[in-house]
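# Residue-level structure breakdown
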Amino acid sequence: AITVILSQLIYNSLRLSQLFYIIARKNLEFIRPFSEVIKNPFLSFNSNSHAIIEWLYIYTGPIFFFVFIIGALYGLYQKNRQILYLLILIFAPFAAEVFFNKVLYARFTLFYFPFIIIIISFAFVTLYEKFDKFRGYIGILFIVGAAIPTYTSFMLLTNPPKANIPENDK
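All values derive from a computational prediction rather than experimental measurement.

### Re the overall build of the protein chain
Tallying secondary structure elements over the protein chain gives eight helices and zero strands in all. Shown N-terminal to C-terminal, the secondary structure of the protein chain runs as helices and strands in the order α-α-α-α-α-α-α-α. In summary, the protein chain has a C-alpha radius of gyration of 20 Å against a globular reference of 15 Å for 170 residues, an excess of more than 25%. Its C-alpha atoms give the protein chain principal-axis dimensions of about 65 × 40 × 35 Å. For the protein chain, buried positions account for 30% of its 170 residues.

Here is the structure:
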């Protein structure tokens, strides 16, 4: 309720501008209306889903992306309700973006990351607990996996043009 009230206060403050009508018109450049989605729901499905998955892969790095998939599948296999809930929090907006967006930017995926990081953590903790003999390797895998996003963050701070981020975010 607080979020709705705050968002409406901020949104309605935009109505004071003489150019408020431009916001609705600009939205039509980025989002397909529901009537259009009903007519052809899979118009942008392949390109949008491919782009979002590629961006998640780039931002997490190959190791964490693979560990995320393993953690998600294992959580579903174990019927872990928390993992199922996190996957809903990831895939519901993912589906909305895939079906409704005309134009996508990699930054649209950033709000998935807290949930993705939790699933990656779940996977590493589960691997660490289940495979006593390989704890050292799992630790090394985590460090190497974390090095990729850490390096990307470092490059964003020190040399942004050289950072390994999706082209449309550069």
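Continuing now.
### Focus: helix α7 (residues 113–130)
Taking 1.5 Å per residue, 18 residues should reach 26 Å; α7 reaches 25 Å between its end C-alpha atoms and fits that length. Buried residues of α7: F113, I116, I119, I120, A123, F124 and T126, and no others. Axial view of α7: buried residues confined to an arc of 160°, hence all on one face. Elements that come into contact with the buried residues of α7 comprise α4 (45–60), α5 (62–77), α6 (81–100) and α8 (135–158).

### Focus: α4
With 16 residues, α4 should cover 22 Å at 1.5 Å per step; its first-to-last C-alpha distance of 22 Å lies within 8% of that length. Listed as buried for α4 are N48, S49, A51, I52, W55, L56, I58, Y59 and T60. Against α5, α6, α7 and α8 lie the buried residues of α4. After α4 finishes, the residue G61 shows a positive phi value of roughly 90°.

### Re the confidence of the model for the protein chain
On average, the protein chain scores 90 in pLDDT, and the residues at 70 or more come to 100%. In the model of the protein chain, helix α2 (residues 21–30) stands out as the element of lowest mean pLDDT, 80, in contrast to α5, which has the highest, 95.

### Topic: the packing of α7 against α8
At a minimum axis separation of 9 Å, α7 and α8 run at an interaxial angle of 160°. The pairing of α7 with α8 is recorded here as roughly antiparallel in orientation. Remark: the crossing between α7 and α8 carries left-handed chirality. Across from F124, L127, Y128 and E129 in α7, the residues of α8 making contact are R135, I138, L141 and F142. Per-class residue counts for the contact of α7 with α8 are six nonpolar, no polar and two charged.

### Thoughts on unusual backbone geometry
One non-glycine residue, K79, adopts positive backbone phi at about 55°. Overall, the relative accessible area of 70% leaves K79 in the exposed class.

### Observations regarding the nonpolar core
Note on soluble globular proteins: their nonpolar side chains tend to be buried together. In this structure, I52, L56, F68, Y112, I116, I119 and I120 are the most contacted members of the largest nonpolar core, which totals 31 residues. When contributions to this core are tallied by element, the ones reaching two or more residues are α4, α5, α6, α7 and α8.

Reading the values: rules and limits
- Numbers given for residues are sequential positions, taken from 1 along each chain in its written order.
- Where local features are concerned, this predicted model is filtered to residues with pLDDT of at least 70; where side-chain atom pairs are given and counted, the filter is 80 or more; whole-chain, interface and lining totals use all residues.
- Only hydrogens and water are removed before side-chain values are computed, so all heavy atoms of the structure are retained for them.
- Secondary structure elements are defined from DSSP: runs of H or I of at least 4 residues count as helices, runs of E of at least 2 residues count as strands, and each element is numbered from the N terminus.
- For the radius of gyration, the atoms used are the C-alpha atoms, and the globule rule reads 2.2 Å times the number of residues raised to 0.38.
- Think of it in three bands: residues with accessible area under 20% of the maximum for their type are buried, residues over 50% are exposed, and the middle band is partly exposed, with areas taken using a 1.4 Å probe on protein chains only.
- Multiplying one less than the number of residues by 1.5 Å gives the expected span of a helix.
- Picture the helix axis, draw a direction to every C-beta atom, and the arc is the one those directions span.
- We call two residues contacting when some pair of their heavy atoms lies within 4.5 Å.
- Each residue carries a pLDDT score, the predictor's own confidence in it, on a scale running from 0 to 100.
- Between N-to-C directions, angles span 0 to 180 degrees; the directions come from axes that are lines fitted to C-alpha atoms, helices contributing only their stretch in contact.
- Angle categories are assigned with fixed cut-offs, so that under 35 degrees is roughly parallel, over 145 is roughly antiparallel, 65 to 115 is roughly perpendicular, and the rest are oblique.
- For any helix crossing, the convention is left-handed if the near helix is rotated counterclockwise from the far helix by under a right angle, and right-handed if that rotation is clockwise.
- Amino acids outside the nonpolar list (Ala, Val, Leu, Ile, Met, Phe, Trp, Tyr, Cys, Pro) and the charged list (Asp, Glu, Lys, Arg) are all regarded as polar, and Gly is one of them.
- We call a set of buried Ala, Val, Leu, Ile, Met, Phe, Trp, Tyr and Cys residues a nonpolar core when their side-chain atoms join them within 4.5 Å.

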